[in-house]
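A structural walkthrough
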Amino acid sequence: INSTLRPPAMKLRYGTRGSPLALAQSDWFARCLRQRHAGLEVERVVIHTSGDRFSLAHPQAPVAAGDDNVKALFVKEIEEALLAGTIDFAVHSSKDLPGELPAGLAIAAFPRREDPRDVFIGRSGARWKDVGSGFRLATASLRRRLQLGLAAPGLSFVAMRGNVDTRLSKLAQGQADGLVLAMAGLKRLGLADVVHEPLPVELVVPAPGQGALAIEVHRLRRDVAEILGALDDAATRLEVECERAFLRLMEGGCRTPLGGLAMREADGLRFDWFWSDDSGEGPRRGSLR
């Protein structure tokens, strides 16, 4: 952030989920916004989504397994507040957004992306090279289970949900031998000192949008979009929009084991992808340049 803009005196209310990670990343964006726009008031509004409520009630179950568009459950109530005008913008994890946005809404900014990779955290100093048959690996993600199962046949998977601190605590208690999380979550929560091992994209392709924030706004609020747009990162937008196009093409949702990562390189764009049907059959992966 290199300069300070001075918009007309105003106050903006932003919606966010109430998890520790959602609060940490939305607060980070709010600080950047205040720094960029001197005198701007920014107020947080915590909104509990359908996905949050289901996860609390059923910590070991797939999220809303009977819903055809379960990905939207983590943003549904926030987007309803945007459309109703009770908040001025929303801060989402990009990977929570379905491929298609509701009519009337748009992404005003994709701030600079954090590391999009998944990481392995082993109990008692275990490393990924130590993983073998019978090793209990904690993850609720079918995308991760399929890819890591192909890399290490015989893995035993533990369905573990909850916020990052909860999962780390369960790992320490011996409920699993290892855990897979998003690198971005560790960094944004100030937990980068937790011993972890980044997993290469060749081993596990991250979810589309992983590590990036999406700042959503009503299309009619051009005044707000202009203010938020000052924090848009061109490289991040290019990458995430490419991944979201893949998400739409493959009609991916929360239950679809789908990975997609676009990365700018000196000579163009690299795109790594993984896909399987909802039952986990017929997994395929590839890389394009």
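Residues numbered from 1 in each chain as written. Predicted model: local features only at pLDDT ≥ 70, side-chain atom pairs only at ≥ 80, totals over all residues. Heavy atoms only, no water.

A look at unusual backbone geometry
A positive phi angle, close to 60°, is found at S124, a residue other than glycine. Within the secondary structure layout, S124 lies in the loop between β5 (118-122) and β6 (136-138). According to the relative accessible area criterion, S124 is exposed, its value standing at 72%. (Helix = DSSP H or I, 4+ residues; strand = E, 2+ residues; numbered from the N terminus. Buried < 20%, exposed > 50% of the residue type's maximum accessible area, 1.4 Å probe, protein only.)

Some remarks on helix α7 (residues 222-229)
Taken together, the buried positions of α7 are occupied by V224, I227 and L228. Looking down the long axis of α7, one finds its buried residues gathered within 95° of arc, a one-sided arrangement. Opposite its buried face, α7 presents the exposed residues R222 and E226, each directed more than 90 degrees away. Contacts from the buried residues of α7 go to β1 (11-16), α1 (20-36), β3 (89-93), β4 (105-109) and β10 (213-218). (Arc of directions from axis to C-beta. Contact = heavy atoms within 4.5 Å.)

As for the pattern of salt bridges
For side chains of opposite charge, pairing can occur when their charged atoms come near one another. Counted under the stated rule, the structure contains 21 salt bridges. Salt-bridge contacts for E243 lead to R113; the nearest nitrogen and oxygen are separated by 2.8 Å. Of this pair, E243 sits in helix α8 (residues 234-249) while R113 sits in the loop between β4 and β5; the two residues are 130 residues apart in sequence, bridging distant segments of the chain. An identical accessibility class is assigned to E243 and R113; each is buried. The partner of D223 in a salt bridge is R221, with the nearest N and O atoms 3.1 Å apart. Judged by relative accessible area, which is 39%, D223 ranks as partly exposed. R221 sits in the partly exposed class, given a relative accessible area of 27%. Each of K11, R13 and E43 takes part in salt bridges that share partners, so that together they form one network. (Salt bridge = Lys/Arg side-chain N within 4 Å of Asp/Glu carboxyl O.)

Details of the sheet that holds strand β9 (residues 197-198)
With mixed pairing, the five strands of this open sheet are ordered in space as β7-β6-β8-β5-β9. Because the sheet does not close on itself, it has two edges, and the strands there are β7 (156-158) and β9. One ladder, built from five bridges, connects β5 with strand β8 (residues 178-182); its direction is antiparallel. Among the inter-strand pairings, V119 is bridged to a residue of β8, identified as L181. Across the sheet, helix α4 (residues 142-151) lies against β5, β6, β7 and β8, angled at about 125° from β8, the strand it touches most. Each of β5 and β8 touches helix α5 (residues 164-172); the most contacted strand, β8, lies at about 165° to it. (Pairing = 2+ DSSP bridges. Axes fitted to C-alpha atoms, helices over the stretch in contact; angles between N-to-C directions.)

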